[in-house]
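Here is how the chains run, residue by residue.
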Amino acid sequence: MIDAYFIHLLILIGIYLILGISLQLSLGYGGLLNLGHIAFFGIGAYAFALLSLHGFPFALSILVASIISGLFGWLLSVPTKKLKGDYLALVTLGFSFVVYAVLLNWTSITGGAFGLANIPRPSFLSDNFLFLLFVYAIAVISYLFISRICGTRFGKLIEAIRDDELAAKSLGKNTLKIKSWGLVISAFFAGLAGSLFASYITFIDPSSFTLTTLIPILLIVIIGGLTSLPGTVLATIVVVLIPEPLRFLGFSSSVIGPLQQILYALLLVVIIYYKPRGFYGKIDLE
Amino acid sequence: MTSIFLQLLVNGLVAGSIYALVAAGFSLIYSTNKFVHFAHGGVIVLSSYFLYWISTTLGLDFYISSFLTILFATFLGYSLNKVLYQKFRAKKASNSVLLVASVAILILLQSLSLLIFGADVKTIALPLSNHSMNIGGVFVTPVQVIIVIISLFLFFSLRLLMQKTKIGKAMRAVADNNEVAEILGISSERVYSTSFAIGSAIVGVAAILVSLEQNITPLMGTSLIIKGFTGSVIGGIGSVTGAIVGSLFLGLAENFGTWFVSAGFKDAIAFILLFIFLLIKPQGLFGNKNNQK
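Residues numbered from 1 in each chain as written. Chains lettered and ligands numbered in written order. Predicted model: local features only at pLDDT ≥ 70, side-chain atom pairs only at ≥ 80, totals over all residues.

Caption draft 1: The arrangement of the overall build of chain A in detail. Scanning chain A from N- to C-terminus turns up 12 helices and 0 strands. Starting at the N terminus and ending at the C terminus, chain A contains elements arranged as α-α-α-α-α-α-α-α-α-α-α-α. For 286 residues, the compact-globule estimate of 2.2 N^0.38 gives 19 Å, and the C-alpha radius of gyration of chain A, at 18 Å, lies within 12% of that figure. Dimensions of chain A, computed from the C-alpha atoms along their principal axes, are close to 55 × 40 × 35 Å. For chain A, with 286 residues in total, the buried portion stands at 53%. (Helix = DSSP H or I, 4+ residues; strand = E, 2+ residues; numbered from the N terminus. Rg over C-alpha atoms; globule rule 2.2 N^0.38 Å. Buried ≥ 20, exposed ≤ 12 C-beta atoms within 10 Å, placed from the backbone.)

Caption draft 2: Quick look at the environment of G28(A). Residues and elements named next belong to chain A. Looking at the secondary structure, you find G28 in helix α1 (residues 2-29). Between the C-alpha atom of G28 and that of K84, which follows or precedes it by 56 residues, the distance is 14 Å. For G28, the contacting residues outside a window of four places in its chain are V221, L226 and T227. (Contact = placed C-beta atoms within 7 Å.)

Caption draft 3: The arrangement of unusual backbone geometry in detail. The phi dihedral of N118(A) falls on the positive side, at around 55 degrees, and the residue is not glycine. What makes N118(A) exposed here is the crowd of 9 C-beta atoms within 10 Å. Phi at K92(B) takes a positive value of approximately 60 degrees, unusual for a residue other than glycine. You can see K92(B) is positioned in the loop between α3 (62-90) and α4 (95-117).

Caption draft 4: A look at helix α3 (residues 58-80) of chain A. Residue and element names in this part refer to chain A. Taking 1.5 Å of rise per residue, the 23 residues of α3 would be expected to cover 33 Å, and the 33 Å separating its terminal C-alpha atoms lies within 8% of that figure. The complete set of buried residues in α3 reads S61, I62, A65, S66, I68, S69, G70, F72, G73, L76, S77 and T80. Its buried side turned inward, α3 meets α2 (37-53), α4 (85-105) and α9 (175-201). (Expected span 1.5 Å × (residues − 1).)

Caption draft 5: Structural detail: the interface of chain B and chain A. The interface of chain B with chain A comprises 35 residues on the first partner and 34 residues on the second. If you list the elements that add at least two residues to the side of chain B that touches chain A, you get α3, α4, α9 (220-235) and α11 (266-280) of chain B. Residue composition of the side of chain B that touches chain A, grouped by class: 26 nonpolar, 6 polar and 3 charged. (Nonpolar A, V, L, I, M, F, W, Y, C, P; charged D, E, K, R; others polar.)

Caption draft 6: Spatial organisation of the packing of helix α10 (residues 211-224) of chain A against helix α12 (residues 253-274) of chain A. All names here are of chain A. Following both chains from N to C, one finds α10 and α12 inclined at 35 degrees, their axes separated by 9 Å at the closest point. Here the hand of the crossing between α10 and α12 comes out left-handed. Of the residues in α12, those touching α10 at T212, I215, P216, L218, L219, I222 and I223 are Q261, Y264, A265, L267, L268, I271 and I272. (Axes fitted to C-alpha atoms, helices over the stretch in contact; angles between N-to-C directions. Left-handed = near helix turned anticlockwise from the far one by under 90°.)

Take a look at the structure:
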């Protein structure tokens, strides 16, 4: 029993880790206050669910779902290229509301408020422990990939643009293209996390992809510290585990949900006030 | 055909008036404080539940309850500014930080309502009969008439307040340039507090009317603040007049949109409008270009 619960937590940590490091790329490295990240998570989850419900093989569904999510990242980057700070935050937030409204209302495809159930999981991953290993393999690959590209020329450029876009532009860099790629890659990995989430839970509905779910992900990135990937790993573990003791205090599940949200929201406010750079952050949220 | 048109017109005006009440307060706060106070939606939710609690659970007279609800909303908004935003401002936090904080507070207040009152919808017993009346083929309820009248009334009183009174002028001065206003002896912190108090009082009125027109649910805060926010963006964020006009436009667009797509897509229509305005005309219909970055 404890074992199953422990594995469940570890899988959640793995999925949130991918979400956290992918947001780190756009929010930390790119300095883009992207509040639409949860929408990419949702797009990935729904795309994966629909593909695998229509009989596509598992690996292909994951890949295509992540690419679709990346494409939406590109789609969002086109009109928002020149926006910054709170205006960008609002457009990306608006984007996540559009996605939510479509998921909720396009009943014939998405199942509306009832969501999509019985999402298949391949037989070789039917055991949760094996699924755990699979999630961690993907998480490690994602981590290495993102930390690698952040160390390359691309990473230096996107940070340069964050710090001084005009200077980067005057050096002849195509800043819009680089920012756009940052968002695409970030969305791709969020979609990947969404696919894993859908195949793990085997049931998704629009309520998993709202503003409420955005708070813990933002919290992970901010507690970890902007542009710190090791910090993000630590923060993911902390953020996923923090509300868990609530379960052992004998609260009913209808109380745990809101309590968990309150805890996350309070923590977010406290952190950005007292320790805005989190564990290992090097820059401030602008 | 004409009766459908008129019905959609009326529905649009009623919806727009509710959005306008949310947007007016929100926009007033934005105009002086220059950051997006999303937690405004949380103030609506908590105030609506407060009204439910004192009028239905405690059985207080509806009109007294309404008055207390407006006081409650005013106090809540005022304290959010004092306890939270003022501290952040003192640390020279960026607008993005304030935005993230206010989104967190919105979720906090909604979850708090969910925790205290549960997920089931609550309704408030009406003090007056609310049978819909048939006026020339168009159905209207008395509450809907009251909603439209109150928003019109608030619209004109706000304009008067902003244009004629000393505090209104101080608010406009701070909105325009808070440093110059400070030099001229206007305390911007005091103006911030005042706009939070007035903006939240207006949203207290909105909370009462929404509670009468719809059911009360914990999640209505997010949806109302998005609508109010969309209305203010359409009208020009930071312009109170614009916020009200923009909200009416939004209400009408949503309802006439149902002529073409199913009613479930109302929200999508609103968000797409928001999207279009943020991208193509971020200064809105009445906004000041200088307010933009």
